[in-house]
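# Observations on the three-dimensional arrangement
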Amino acid sequence: MGAAAAGGRVAIVAGCRTPFCRAGSDLKDLTAVELARHATVELVHRAELDGRLVDEMYFGQVVPSPLAPNLAREVSLLPQFPRTIPAVTINRACASANTAITQAHDQIALGHAKVIIAGGAESLSDIPILHSRRFAEMLVAAGRAKTLAERLRILARLRPRDLIPVTPAIAEPSTGETMGQSAEKMAKINGISRQDQDRFALRSHQLALAGTQDGRLAAEIAPMVLPSGAVVAKDNGIRADSTLEKMANLRPVFDKRYGTVTAANSSPLTDGASAVLLMSEDAARALGYAPLAFIRSYAVSAVDPADQLLMGPAYAVPRALERAGISWQDIGLVEMHEAFAAQVLSNIQALESREWARQHLGRSEAVAQFDWDALNVMGGSIAIGHPFGATGGRLTITLANEMRRRGVQFGLISVCAQGGMGFAMVLEQR
Amino acid sequence: MGAFRCAVSDGIARVVLDLPGEPVNKITRSVREELDQLLDRLGGDPGVRAVILSSGKPDTFIAGADIEEFVALRSREEAHELVRAGQRLLNRLPALGKPIVAAIHGACLGGGLETALACTYRIATDHPKTQIGLPEVQLGIIPAAGGCQRLPRLIGVRAALDIILAGRTLPAHRAYRAGIVDELVHPAILDRVAGEAAARLAAGWHPKRSRGGLAGLFMDRTPLGRAVVFRLAARRLLRQTRGHYPAPLAALRAVRHGMRHGVEAGLELEARLFADLAVGEVSRNLVSIFFATTALKKDPGVEGQAPPPRPVSNLAVVGAGFMGAAIGGVAVAQAEVDVRLRDTDLSRVARGLATAQGILAERLARRRITKYDHRRLAALLSGGTGWEGFRRADLVIEAVFEDLEVKHHVFQEIEARVRDDCVIASNTSTIPIARIAEVTRHPERVLGMHFFSPVDRMPLLEVIVTDRTAAWVTVTAVAFGRRMGKTVIVVKDQPGFWVNRILAPYLNEAGRLLEEGVPMEVLDAAMVRFGFPVGPITLLDEVGLDVAEKSSHVLHQAFGDRLAPMAGLRRMVEDGRLGRKSGRGFYRYEGGKRQGPDAAVYRIVGATRARALPDDLQDRMVFALLNEAVRALDDGVVRSARDGDIGAVFGIGYPAFRGGPLRYLDTLGAARAVERLAMLERRHGARFGPAPGLLRLAEAGGRFHAPHPR
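Residues numbered from 1 in each chain as written. Chains lettered and ligands numbered in written order. Predicted model: local features only at pLDDT ≥ 70, side-chain atom pairs only at ≥ 80, totals over all residues.

## Some words on the overall build of chain B
The number of helices and strands found in chain B is 30 helices and 20 strands. Relative to a compact globule of 710 residues, whose C-alpha radius of gyration would be 27 Å, chain B shows 28 Å and is just as compact. With respect to the three principal axes, the spread of C-alpha positions in chain B is 80 × 60 × 55 Å. Burial statistics for chain B: of 710 residues in total, 52% are counted as buried. Sequence separation of at least 24 residues holds for 73% of the intrachain contacts in chain B that already meet a minimum separation of 6. (Helix = DSSP H or I, 4+ residues; strand = E, 2+ residues; numbered from the N terminus. Rg over C-alpha atoms; globule rule 2.2 N^0.38 Å. Buried ≥ 20, exposed ≤ 12 C-beta atoms within 10 Å, placed from the backbone. Contact = placed C-beta atoms within 7 Å.)

Shown next, in the form of structure tokens:
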């Protein structure tokens, strides 16, 4: 893949995102579409982009609104663009924005497009609440009824319990297991202690706080002015006052007795959006852009959801490295999505284990040896937050910017996703 | 035939009006003559059972009567004969004995609508270009081809008066709802639906029309109800026009007379009233303003061969204060361009964006735009504290604090970021543009765009050019100002530009009178009587005393004692009285509402107690303005008397029925104006010394404008 294909190498030219805010807080009155449109308008300005140059758009969203099921199209209909830009919304759960970016990559690499905006958005403050199936059926039937009497007869069958709304849960449809239960199970199987999880979560908050204070995280955020006139310029989940003691006081959520996964060592439900500008290397140069980074390789994987649900990255990472033609030693910076501290630590454990590599990959050597100073250097989803559809865009922007700052040649992204899936991508700078 | 095409098939005559050599259809003498003959033919042709009248122009049905023709009228008698002939012609339509369907796409105004009203059935396209109304009173005349008779009979007296008295134009869907048109269709099927309607009507079908609800039945259909409606309307009109605009009252009389004494009597009065108005001064002045505005819409803003304006699709505004934000909001709402607001801190940006969004929200609330328009337009507004988006900008408007050093700094910052083909404009009202441009590398792309507050309501824009401003820059700013919905005049870079220059002596004089002990409400009332929408003291409160003080100071320095401001103004500002925005000025305000005059003001400005009201107080204020207008015109501040009058009417609300200050001087006569000024000079001092230009005109018996045709 990459350089050999028709469209040449694919450049990440620019990216930005909204602040990430806990669901039900600062951004609660906005829809995912509005969040995505804001990130994209700001991207246009920051990149000084002529909207007429954009060929396509791909956005990720996991819980779409039935009122605007193709979010990407609503974004591509922004007045900054011609109304003729095709756009697709993608769902690969928490790796949705990553997949939007790889779709963009593929279309550019194939020579089908030169300039694409990809990203993702989620408003977990604005999830669809459904009527019960019975009530919905009655409403449809009543709508079709020809006479008032017939209509009333149908509605007379309504019972109070039919009116109880159905809220979608973050659970595996195939197993009924929630994300948190999966993380809890993984902590037990892999022997990840409560203390290690809490320490990892604390590290996430501390690094995110430092990244915010020194301006590195703030640089990727497009401040939002709410209809009320209030300004939201920062991620609001990052805690300056976290301590191990406070975290230790929290009760486990998913297994009250033997559990270790708590609200503090998990990523919170979050609202936010991200947008990334991708171009073919030639187009970027011709238009006078200096790319932040280039996409070197990517890979996806899936495991049996009934097994260790969030172990996908351990399979995707070696694949992506192999496709990139590099080894772990070449990687100078890593952005790992933090769904749960237990999930991150389980994956790290597997990637660093020779035994695991032999059993699951048929390799004689461990995949990785982590340098903790190069991992999630501005914290991760536990502190910053995790709007499902948008996180992949944030990881890409954060990594590309930091590779630039540090002069790192190769960087790695890994993401676990619902359905047992994993995602990994290698970026390169020159 | 020239203007009409006519083809008959299946018993239906399709008559298409397509006036040769004109972009729009209008009712000219030749159109009337041709229609007369055509009606003879159609009436006598047994093969024709019904008629469809439509337009061959892309975006107009019939735009109205030929204004040139009406302007050329020389006497009452001539005017009377003209409209009587028009009435006789339109009376032939319902008398034809065959149904006529008006198939309306595009503007259907004035005489155009009166023609459609004389038809049997009206179908309009649901298209933004289809605008339907009777704007006559805006030109100081009344609908006199039966409009005052047929419209109230079709849609009821109240709805008809709403349209006729205000000279209103409705979009097609509103006209449909009002009952003016019978059907509303997509343009693609207009011809077909018109054909079907014509066939039905020919077969004896009678369209059913709603006669309004129970209340409507009483108010519109009974003499008693109508009497109430007429009395209320008359009272409202007197309040609104203060007797300065005779046309709406005349229209009301024509409608009332017709409803009481029948159509023929109504038509006769319509014609008589029209004839009076058409040759009257007010109508002539309003028409001259109309022509000037129309001409300005086509004026590129530079003399000689004008380069094409550069397209502006991205605007950046530096300074998200009230002015900058409002400019951004109007640019989005009117010109639909991408707007980037920049200010130094995020909370100022946020307030600016809220102000700009407020302009859109108001349009949504007034249903001038749909919620879908609103969503699209709102997304055009963004802002930040950095310079992101400035390389995309085709035009940057600076609206920061009025301080030369600050502006110098900002212009250098802007120039470092924008493309070479970007126009940079300052919204300053007090600083010479040339001084601002001094620090730039490319002063040729710098000019002033002086908007007036509130930007979304004030119709004027002064584009200020320096000696170095390039022609392409001027035309680009003028064209963009027009897209923002403004009437644009190009003004020379001199202190006060045009509007503030002529306004200053007027306000100064009001200040002097105040110091002499004339109560502020007396001053305001005097100028409202003259025809201004508000008086000078109220205007000061609205503009802001700090702003007025700064501006008057600059003019005082530039032009000396002639433009010396009232001494008390500075003390008012020092006292924290900035006018309405600060909650206190000359008047008192409570919760945004104006209360009475503030008695404390007289002490602050050091007013002496007046023994009696001066008998020349209106003259003093008016002539201060008129005299300065002549000086500024002679200084070449505006390019023509036309631009000067437009600037005064749209910039400070100089009474339109007087045609503008220079037109008003023409009406008075230069010699008489000189006499009045000389008298004021003797009484009140050198500042009233007649302007040299006025003296020259008086001597030569000249005028500023060509005379109205008489």
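## Examining the sheet that holds strand β6 (residues 107-109) of chain B
All names here are of chain B. Spatial ordering of the open sheet is given by β4-β6-β8-β9, a layout of four strands whose pairing is mixed. The sheet terminates laterally at β4 (60-62) and β9 (169-171), the two strands that pair on one side only. Between one strand axis and the next, the sheet turns by 20° as a mean value, whatever way the strands run. With three bridges connecting them, strand β8 (residues 131-133) and β9 associate as antiparallel partners. Bridge assignment links Gly 133 to a residue of β9, and that residue is Thr 169. (Pairing = 2+ DSSP bridges. Axes fitted to C-alpha atoms, helices over the stretch in contact; angles between N-to-C directions.)

## Considerations on helix α28 (residues 661-668) of chain B
Residues and elements named next belong to chain B. In terms of residue burial, α28 counts as a mostly covered element, since six of its eight residues are buried. All of the buried residues in α28 are Pro 661, Leu 662, Arg 663, Tyr 664, Leu 665 and Asp 666. In this fold, the buried residues of α28 make contact with α13 (281-298), α20 (499-515), α26 (617-634), α27 (641-652) and α29 (670-684). Positive backbone phi, approximately 95°, marks Gly 669, located one or two places after α28.

## Points about the confidence of the model for chain B
With 99% of its residues at a pLDDT of 70 or more, chain B shows a mean pLDDT of 94. The ipTM for the predicted assembly is 0.91, set against a pTM of 0.92. (pLDDT = per-residue confidence, 0-100.)

## Brief notes about the interface of chain B and chain A
Taken together, the contact between chain B and chain A spans 16 residues of the former and 14 residues of the latter. Listed by contribution, the elements that provide at least two residues to the side of chain B that touches chain A are β12 (338-342) and α15 (346-365) of chain B. It is α15(B) that provides the largest number of residues to the side of chain B that touches chain A, a total of six residues. Its residues placed into classes, the side of chain B that touches chain A shows six nonpolar, three polar and seven charged. (Nonpolar A, V, L, I, M, F, W, Y, C, P; charged D, E, K, R; others polar.)

## So, unusual backbone geometry
All names here are of chain B. Note that the residue after Ser 453, namely Pro 454, is joined by a cis bond; omega there is -5°. Mapped onto the elements, Pro 454 comes out in the loop between β16 (446-451) and β17 (460-465). Backbone geometry places Arg 367, a non-glycine residue, at a positive phi of 60°. Secondary-structure assignment places Arg 367 in the loop between α15 and α16 (371-378).

## What about the pairing of strand β11 (residues 314-318) of chain B?
All names here are of chain B. Most of β11 sits inside the fold, with five of its five residues counted as buried. Burial along β11 is two-sided: Asn 314, Ala 316 and Val 318 facing one way and Leu 315 and Val 317 facing the other are all buried. As defined by bridge partners, β11 adjoins strand β14 (residues 395-398) across four bridges and the pair is classed as parallel. Within the sheet, the bridge partner assigned to Val 317 lies in β14 and is Ile 397.

## Some details on the sheet that holds strand β10 (residues 183-185) of chain B
Residues and elements named next belong to chain B. Spatial strand order, β1-β2-β3-β5-β7-β10: six strands in an open sheet with mixed pairing. Each of the sheet's edge strands pairs with one partner strand only, and the pair in question is β1 (4-9) and β10. The average undirected angle you get between the axes of adjacent strands in this sheet is 20°. Pairing between strand β3 (residues 50-55) and strand β5 (residues 100-104): three bridges, direction parallel. From the neighbouring strand, Val 51 faces β5, where its bridge partner is Ile 100. Strands β1, β2 (12-17) and β3 of the sheet are contacted by helix α1 (residues 29-44), whose axis makes an angle of about 15° with β1. Most of the contacts of helix α8 (residues 190-202) go to β3, to which it runs at about 155°, and overall it touches β2, β3, β5, β7 (121-125) and β10.

## A look at the nonpolar core
Judged by nonpolar contacts, the single largest core of 366 residues is most densely connected at Leu278(A), Val101(B), Ile142(B) and Val396(B). The leading source of residues in this core is α26(B), at 10 residues. For Leu278(A), the contacting residues outside a window of four places in its chain are Val10(A), Ala11(A), Ile12(A), Val13(A), Ile101(A), Ala104(A), His105(A), Ile108(A), Ile116(A) and Ala118(A). (Core = buried A, V, L, I, M, F, W, Y, C linked by C-beta atoms within 7 Å.)

## What about the pairing of strand β3 (residues 56-60) of chain A?
All names here are of chain A. Among the five residues in β3, five count as buried, and that is most of the element. Side chains Glu 56, Tyr 58 and Gly 60 project from β3 onto one buried face, and the interleaved Met 57 and Phe 59 project onto a second face that is buried too. Bridge count between β3 and strand β5 (residues 115-123): five bridges; the pairing is parallel. By the bridge assignment for β5, Met 57 is matched with Ile 117. Pairing of β3 with strand β4 (residues 87-90), which is carried by four bridges, proceeds in the parallel orientation. Residue pairing for β4: Gly 60 is matched across the bridge by Ile 90.

## Brief notes about the packing of helix α4 (residues 133-144) of chain A against helix α5 (residues 148-155) of chain A
Residue and element names in this part refer to chain A. One can describe the packing of α4 onto α5 by two numbers: an axis separation of 8 Å at closest approach and a directional angle of 175°. As summarised for this structure, α4 and α5 are arranged roughly antiparallel, according to the angle between their axes. Along the contact surface, α4 presents Met 138, Ala 141 and Ala 142, while α5 presents Arg 151, Ile 154 and Leu 155. Partitioned by chemical class, the residues of the contact of α4 with α5 number five nonpolar, no polar and one charged. (Parallel < 35°, antiparallel > 145°, perpendicular 65-115°, else oblique.)

## What to know about the environment of Arg239(B)
Residue and element names in this part refer to chain B. Mapped onto the secondary structure, Arg 239 falls in helix α10 (residues 223-241). On the basis of neighbour count, Arg 239 is assigned to the exposed category, with 8 C-beta atoms found within 10 Å. Separated by 234 residues in the primary sequence, Arg 239 and Val 473 place their C-alpha atoms 45 Å from one another.

## Re the packing of α26(B) against helix α30 (residues 692-700) of chain B
Residues and elements named next belong to chain B. The geometry of α26 relative to α30 is characterised by a closest axis approach of 7 Å and an angle of 95° between their N-to-C directions. Here α26 lies roughly perpendicular to α30, going by the angle between them. In contact with Asn 627, Val 630, Arg 631, Leu 633 and Asp 634 of α26, α30 contributes Pro 692, Gly 693 and Leu 694. In terms of residue class, the contact of α26 with α30 is built from four nonpolar, two polar and two charged.

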